[in-house]
Amino acid sequence: MTELSGPRPALDNLSTETRAFPPPEAVAAAANVRADAYERAAADRLGYWAEQARRLAWDTEWDQVLDWSDAPFAKWFVGGRLNVAYNCVDRHVEAGLGERVALHWEGEPGDTRTVTYADLQRLVCQAANGLSSLGLKAGDRVAIQMPMLVEAIVAMLACARLGLVHSVVFGGFSPAALRSRIEDAQARVLITSDGQYRRGEAVAMKDNTDEATAHTPTIERVIVVKRTGTDCGWTEGRDIWWHDLMDGQSTEHTPEAFDSEHPLFILYTSGTTGKPKGILHTSGGYLTQVAYTHHAVFDLKPDTDVYWCTADIGWVTGHSYIVYGPLANAATQVVYEGTPNTPHQGRHFEIIAKYGVTIYYTAPTLIRTFMKWGTDNPAAHDLSSLRLLGSVGEPINPEAWVWYRTHIGGERCPVVDTWWQTETGAIMISPLPGVTRTKPGSAQVPLPGISAQVVDDAGVEVPHGSGGYLVLTEPWPGMLRGIWGDPERFKDTYWSRYAEQGYYFAGDGAKYDNDGHIWLLGRVDDVMNVSGHRISTTEVESALVSHPTVAEAAVVGASDPTTGQGIVAFVIPRGKAAADRDSHITTLRNHVAQEIGAIAKPRQILIVEELPKTRSGKIMRRLLRDIAENRELGDTTTLADQTVMNLITEGLSNQK
Ligand code: ATP
Ligand code: MG
């Protein structure tokens, strides 16, 4: 277990992880970013970021790299002006790359669409002209709830081109979740679609958005992309088909340059720890850091790589590593509309083989799902095009990391575990594929230009081998500029804990190993207290997942009259559930005791089929805590699938 409260030796199972993988020679030899970058950035951090900002085309250059005089409200590239959409699209066409494929779009039913950079320029210009014709002006907010369609990306870029602030809401979210986001941002327009394909079926989308917009007087127009042909309600004068609005527009549009600090988007956090916060990002610094990190961490070679990030655009990863980072870098990428097991469990591998994907970026939850589905799926497809794998969203269990490297990466691809948050805008802690000797389960080192530390309660850095809290000690270009409409909550949430030092409090537990590499241990809120010992949920979960019969595990601390909190584990078995449930549970409890220590032995293990997750695949432990403590469920509006909680409670009542 790891003591999160102070610098004590960490006696946990993660620190016994001894496997490590040096960068493959060929990757190291041709890497975009080499070891010298750490030194250069350390010697002149702001100079290093200014160098990165020059990846972009600026209309007016900045006269100051960082203004931190009104901390924690940062201004980056002060006085600089640029157009984000021009940087992601037009400049590549002007550089002669118009015929390069920007998007290999693959629909769930198998329909496809190829969009070159020249096509994308025409589409974005038409959409910008269409949105302007509705009377929208720079600074207005536009809500977007859409499946993974080309139009979703075009809509985001068209907003950016006009200086409109988009707020993308995950397609699976309920009307209530959409409504509260529209209200909070006072959006004038909503862009949506009639329906979406989900697990092979066309399901309604606009009916949901109509339920939300029935109560949102700020919405003047609803633009609807026709995707499934599903019947939907129609409000004359308010609703307009995307094709009716956009298709007749001119394919030319002159981009206007905006201030570096002009708002680009609002995105609500996933609400795993409380009410979602409207995180505000701006233009120049954000685009600099997403372009730079996409180049450095994924080692992108834009002429030859085919990149695929499996995130949804409703999550920050979709914003930074589908839309803005890759497009700023003129990447060719795959965009897939659907679920990974439609029509079969090998769909992702089929897509990798079909498009010759070279870089694949996904979340631990999907890797564990692949593990559960078995090695036959990846083995049945030619995955030899892959050269680099990435992970994001939660701490990746070492077993899942090794499985990923072995069965998907063919033991040749570096795996980069990237730590960041909606708030950070871009990757902060990650190996560099040509430099770092990677360790399964660790995000390892802050990127060049980023300053992170693990500190104790007093804000003092803990020694190697000890645990504490992750903080960011210097401002960074992609950092959030605030919480929409709530500057006090911004200061309180992130800057009050270490106000004296001026550190950003990330809300995650972390520790250093003996090399000083960082291991993320999950949310501070998720740390359990058992008989005075602070135990991280991540470590107990990783211990459970390291047992061959376990596919996924979620652990919570439930109040306990004798121990303060007792550990309750929810476990999804790998393959078929064991016939003798009681002996299986005993085996697993003993396994955890052996891996970590008797204190970490779960009080109770419940076998389930599903776990409640957010759109980014994060487990909503607070809902499981509600079950473990026999309470009524809290807010479930940000669950990716609203039905799982019923499934879990029904399954558990059958077990009793
Ligand atoms: P909320 O703040 O409402 O609870 P959220 O934090 O889940 O929402 P995100 O911004 O998507 O929304 O998640 C960021 C968090 O995800 C990080 O603070 C961290 O806990 C976790 N995380 C992301 N990537 C990694 C990673 N590579 N390793 C460990 N944890 C990660
Ligand atoms: Mg968060």
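Reading guide: rules and limits
Residues numbered from 1 in each chain as written. Chains lettered and ligands numbered in written order. Predicted model: local features only at pLDDT ≥ 70, side-chain atom pairs only at ≥ 80, totals over all residues. Heavy atoms only, no water. UniProt positions renumbered as here; feature names shortened; annotations may be inferred. Salt bridge = Lys/Arg side-chain N within 4 Å of Asp/Glu carboxyl O. Helix = DSSP H or I, 4+ residues; strand = E, 2+ residues; numbered from the N terminus. Buried < 20%, exposed > 50% of the residue type's maximum accessible area, 1.4 Å probe, protein only. Contact = heavy atoms within 4.5 Å. Near = heavy atom within 4 Å. Polar contact = N/O pair within 3.5 Å; in protein donor to acceptor, adjacent residues only side chain to side chain. Areas by Shrake-Rupley, 256 points an atom, 1.4 Å probe, with all protein chains shown as cover. Nonpolar A, V, L, I, M, F, W, Y, C, P; charged D, E, K, R; others polar. Pairing = 2+ DSSP bridges. Axes fitted to C-alpha atoms, helices over the stretch in contact; angles between N-to-C directions.

The chain appears in an unreviewed UniProt entry as Acetyl-coenzyme A synthetase from Actinokineospora fastidiosa. For the chain, the Sequence similarities (unreviewed entry) comment in UniProt is given as "Belongs to the ATP-dependent AMP-binding enzyme family." On record in UniProt, under Catalytic activity (unreviewed entry), the comment for the chain is "acetate + ATP + CoA = acetyl-CoA + AMP + diphosphate".

Novice: Tell me about the pattern of salt bridges, and please be specific about residues and values.
Specialist: As enumerated under the stated definition, the model contains 40 salt bridges in all. Two residues, R19 and E399, come together in a salt bridge whose shortest N-O distance is 3.3 Å. Of this pair, R19 sits in the segment before α1 (25–29) while E399 sits in helix α15 (residues 398–408), placing them 380 residues apart in sequence. Members of the salt-bridge network, linked through shared partners, are E106, R347, E350 and K354.

Novice: Outline helix α13 (residues 364–373), supporting the account with residue identities and numerical values.
Specialist: Judged by how many residues are buried, α13 sits mostly within the fold: 8 of 10 residues are covered. If you check which residues of α13 are buried, you get P364, T365, L366, I367, R368, T369, F370 and M371. Along its buried surface, α13 packs onto α12 (347–355), β18 (359–362), β19 (388–391), α15, α17 (537–545) and β28 (550–560). Looking at the residues trailing α13, positive phi occurs at G374, about 105 degrees.

Novice: Talk me through the site of ligand 1; I want residue IDs and the actual numbers.
Specialist: By nearness alone, 21 residues border ligand 1, and S270, G271, T272, T422 and K618 come closest of all. Backbone polar atom of G393 to a nitrogen atom of ligand 1: 3.1 Å apart, as the coordinates give it. One of the side-chain nitrogen or oxygen atoms of D508 is found 2.9 Å away from an oxygen atom of ligand 1. Protein chains bury 96% of the 640 Å² of accessible surface belonging to ligand 1 in isolation. Among the residues forming the shell around ligand 1, the class breakdown is 5 nonpolar, 9 polar and 7 charged.

Novice: How would you explain unusual backbone geometry if you had to name every residue and give the values?
Specialist: For the bond running from A71 to P72, omega is 5 degrees, close enough to zero to count as cis. Here P72 shows up in the loop between β1 (64–67) and β2 (75–78). Here the amide bond leading from T342 into P343 is cis, since omega sits at -5 degrees, within 30 degrees of zero. Within the secondary structure, P343 sits in the loop between β17 (332–336) and α12.

Novice: Tell me about the sheet that holds β18, and please be specific about residues and values.
Specialist: Reading across from one edge, β5-β4-β17-β16-β18-β19-β20 is the order of the 7 strands in this open sheet, with mixed pairing throughout. Every interior strand has two partners, whereas the edge strands, β5 (112–116) and β20 (415–417), have only one. Adjacent strand axes in the sheet meet at a mean angle of 20 degrees when their direction is disregarded. With 3 bridges joining them, strand β16 (residues 306–309) and β18 adopt parallel strand pairing. Looking at the pairing, Y307 lines up with I359 of β18.

Novice: Kindly report on the UniProt feature "domain: AMP-binding enzyme C-terminal" (unreviewed entry) in the chain, identifying the contributing residues and their values.
Specialist: UniProt tags residues 539–618 as "domain: AMP-binding enzyme C-terminal" (unreviewed entry). Annotation note: span residues 539–618, helix share 28%, strand share 31%, distance between end C-alpha atoms 16 Å.

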